[in-house]
Protein chains: 2
Amino acid sequence: MTRATTARTLQTATVGEAQTGKRQAIVAAATRVFLSAGFGAASMDAIAAEAGVSKQTVYSHFGAKDALFEAILEDKCRGLMRPVRLPAVPGGDPAKTLGDLARRFIATVFTPANMALFRVVIAESARFPELAAAFYRAGPAAAVDDLAGYLTGLDRDGILAIGDATASARLFFAMLRGDIYIRRLLDLKPAPSAAEMEAVAEQAVAAFLAAHAPG
Amino acid sequence: MTRATTARTLQTATVGEAQTGKRQAIVAAATRVFLSAGFGAASMDAIAAEAGVSKQTVYSHFGAKDALFEAILEDKCRGLMRPVRLPAVPGGDPAKTLGDLARRFIATVFTPANMALFRVVIAESARFPELAAAFYRAGPAAAVDDLAGYLTGLDRDGILAIGDATASARLFFAMLRGDIYIRRLLDLKPAPSAAEMEAVAEQAVAAFLAAHAPG
DNA sequence: GTCTATAAAAGGATAGAC
DNA sequence: GTCTATCCTTTTATAGAC
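In this report, the structure presented in the accompanying data block is examined. As a convention, each chain's residues are numbered from 1 in the sequence order in which they are written. A letter from A marks each chain and a number from 1 marks each ligand, given out in the order of writing. Residue-level local features of this predicted model are given only where pLDDT is at least 70; pairs of side-chain atoms are given and counted only at 80 or more, and the full residue set underlies all totals for whole chains, interfaces and linings. Values reported for side chains reflect all heavy atoms of the structure, with hydrogen atoms and water molecules removed beforehand.

**A few points about the nonpolar core**
Move 1: Only buried residues count toward a nonpolar core. Its members are Ala, Val, Leu, Ile, Met, Phe, Trp, Tyr and Cys residues joined through side-chain atoms within 4.5 Å. Only protein chains enter the accessibility calculation, which uses a 1.4 Å probe. A residue is then buried if its area is under 20% of the maximum for its type, exposed if over 50%, and partly exposed in between. Membership of the largest hydrophobic core comes to 144 residues, with the highest contact counts inside it found for Phe172(A) and Phe172(B).
Move 2: Among all residues touching Phe172(B), those that are not within four sequence positions of it are Leu98(B), Leu101(B), Ala102(B), Leu147(B), Val205(B) and Phe208(B). Pairs of residues are marked as contacts when any of their non-hydrogen atoms sit within 4.5 Å.

**With respect to the pattern of salt bridges**
Move 1: Salt-bridge detection follows one rule: a side-chain nitrogen of Lys or Arg within 4 Å of a carboxyl oxygen of Asp or Glu. Counted according to the given criterion, the structure contains 26 salt bridges over all chains.
Move 2: The closest approach of N and O atoms between Glu50(A) and Arg32(A), which form a salt bridge, is 2.7 Å. On the criterion of sequence distance, the pair formed by Glu50(A) in helix H2 (residues 44-51) and Arg32(A) in helix H1 (residues 22-41) is long-range, its members being 18 residues apart.
Move 3: Overall, Glu50(A) belongs to the partly exposed group, its relative accessible area being 42%.
Move 4: A relative accessible area of 45% places Arg32(A) in the partly exposed class.
Move 5: Close ionic contact of Glu196(B) with Lys189(B) constitutes a salt bridge, the shortest N to O distance being 3.3 Å.
Move 6: On the basis of relative accessibility, which here comes to 12%, the residue Lys189(B) falls in the buried class. Helical segments are the DSSP runs of H or I of at least four residues, strand segments are the runs of E of at least two, and each set is numbered from the N terminus.

**A word on the side chain of Asn114(A)**
Residue and element names in this part refer to chain A.
Move 1: In this structure, Asn114 sits in helix H6 (residues 112-123).
Move 2: Exposure remark for Asn114: the relative accessible area of 17% places this residue in the buried category.
Move 3: Leave out the neighbours within four places in its chain, and Asn114 touches Leu80, Thr108 and Val109.

**Observations regarding the relation of the copies chain B and chain A**
Move 1: In the superposition of chain B on chain A (RMSD 0.0 Å, axial shift 0.0 Å), the rotation amounts to 180°. Accordingly, the operation relating the two chain copies is best matched by a two-fold axis.
Move 2: A shared binding surface is used by both copies, with 97% of the interface residues of chain B retained as interface residues in chain A. What sets the superposition is a least-squares fit of C-alpha atoms, and only residues with pLDDT of at least 70 in both copies go into it.

**Overview of helix H2 (residues 44-51) of chain B**
Three or four residues apart is the spacing at which side chains of an α-helix point the same way, because the helix has 3.6 residues per turn.
Residues and elements named next belong to chain B.
Move 1: Of the residues making up H2, those classed as buried are Met44, Ile47, Ala48 and Ala51. All buried residues of H2 fall inside an arc of 95° around its axis, so they share one side.
Move 2: Tucked inside the fold, the buried residues of H2 contact helix H1 (22-41), helix H3 (55-62) and helix H4 (65-78).
Move 3: Downstream of H2 by one or two residues, Gly52 has phi in the positive range, about 70°. Each C-beta atom gives one direction from the helix axis, and the arc is the one those directions make.

**Regarding the packing of H1(A) against H2(A)**
All names here are of chain A.
Move 1: Close contact between H1 and H2 brings their axes to 8 Å; oriented N to C, the two are set at 130°. One finds that H1 runs oblique with respect to H2. The hand of the H1/H2 crossing is right-handed. For the pair formed by H1 and H2, the contact residues are Ala25, Ile26, Ala29, Ala30, Arg32, Val33 and Phe34 on the first element and Ala46, Ile47, Glu50 and Ala51 on the second. For helices, the axis comes from a line fit to the C-alpha atoms of the stretch in contact; other axes are also lines fit to C-alpha atoms, and the angle between any two N-to-C directions lies between 0 and 180 degrees. Roughly parallel covers angles under 35 degrees, roughly antiparallel covers those over 145, roughly perpendicular covers 65 to 115, and oblique covers all other angles. When the near helix sits turned anticlockwise from the far one by under a right angle, the crossing is termed left-handed; a clockwise turn instead gives a right-handed crossing.

**Re the protein's contact with DNA strand C**
Move 1: Neighbouring DNA strand C are 16 residues; Lys55(A), Tyr59(A), Lys65(A), Gln56(B) and Thr57(B) lie closest to it.
Move 2: Distances are taken per atom, and a residue is near a molecule or strand as soon as one of its heavy atoms is within 4 Å of it. Counting only the atoms of DNA strand C within 4 Å of the protein, the fraction contributed by sugar and phosphate is 46%.
Move 3: Here a polar contact is taken to be a pair of N or O atoms separated by no more than 3.5 Å, where protein atoms must pair a possible hydrogen donor with a possible acceptor and residues adjacent in sequence count only if both atoms sit in side chains. One of the side-chain N or O atoms of Lys55(A) is found 2.6 Å from a base nitrogen in DNA strand C.
Move 4: Take the surface near DNA strand C: its biggest share by element is four residues, from H3(B).

**Here's the deal with the packing of aromatic side chains**
Move 1: In summary, the pairing rule links any two rings of Phe, Tyr or Trp, Trp by its six-membered ring, whose centres are within 6.5 Å, and it sorts them by plane angle into stacked for under 30 degrees, edge-to-face for over 60 and tilted for everything else. The full count for this structure, using the stated rule, is 22 aromatic pairs over all chains.
Move 2: When the centroid spacing of 6.2 Å and the interplanar angle of 15° are considered together, the rings of Phe34(A) and Phe39(A) count as stacked. Take Phe34(A) and Phe39(A): they sit in the same class, and that class is buried.
Move 3: The interplanar angle of 70° and the centroid separation of 5.3 Å between the aromatic rings of Phe39(B) and Phe128(B) together place this pair among those described as edge-to-face. A residue pair is termed long-range when its members are at least 10 positions apart, and Phe39(B) in helix H1 and Phe128(B) in the loop between helix H6 (112-123) and helix H7 (129-156) qualify at 89 residues.
Move 4: The class for Phe39(B) is buried, based on a relative accessible area of 5%.
Move 5: Taken together, the ring pairs in this structure connect Phe34(A), Phe39(A), Phe69(A) and Phe128(A) into an aromatic cluster.

Below is the structure:
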């Protein structure tokens, strides 16, 4: 039991510890309130009420509003790209592999929960720069690194002509975000339908393959 | 003098009206404070102090914090794409025309002032949906509409194979935003250097032309 | 129009009992 | 650990004098 407490701050209680479900209730409530209202407009009273707990209990567990916010949101960042980070098989058809990746990426990123997280992280990037960095590392950067590795293999095998693998990977995800990303950030549009997702994925894959055709 | 007052709320005083420079000082101060602190963290006291004016004077001019915020930011949105909306010459070389547009777009959009505006509009998109819509119309949508018109001409003349002009225009700007847009939104990166801008522009134009080559 | 002064409310944080 | 009650600062907004 020498693990730092910060490492398990948000985990489920270990069996044997004195633990009610209140901490988890606070985490769940704070997640909802912070993601929907933002840091400033979220009050500790509202979080306590939403959790069905007194305000003092919230302070006993997390100390201060800043600490609660950072703990909650950095934890949310960790799971960002889980559905996207499936291994890209080196052997298969690049068009199919990239298409699958594209569909997973779009389906994950445009989720209401992920967009709300991104909005709040952007809004508080000045006050919580480490949170912004954690979001970028766990989200966009992780996706780019995975794809860059796959693209390097395609280049080595002469299947695609990749100059800078990282730059090409960034271009791919930029095409996938497209204009919809802006409208989603501005809350002007609901999550894309299956048909929209398919259209964006196909447009991006076709453009990417055309731009990196060998010879 | 039948123009609605809202239409000239932020304009310079008409000659002949009784008008000190205080209104303009308030506008300038509120712009700075709102863009750097956001809506919630910006206090009317701070705005009044920054303007060198009493708080009551701010309220006399703008009534309430909400109204001041909306007036200021919607006005800022209006000028968003002015440097980008230069007419694209129909006759010239598409690679050069698109490259020029790309450089103008990047140089304009990644400006600290424009990124700060975008951050605040995103953060308050739930509370001020009309502001978010105004931003999108005056910024991304205007740029897309202009480019779509130009692309339609290229398609008609057989120079490029454009299926859906709006979709292609959106793809072009998405490639220009690239990964840098995310890092700028998260305040992880300063505005791109001239060399970075050039690299992104060239990568995007090349990919766009390859993806829309005729035949 | 502009200022000083003040009201009225909200919110972060803590004290002390159990 | 948890709750009730409270402190104290900040902040929006207004009153009233000049």
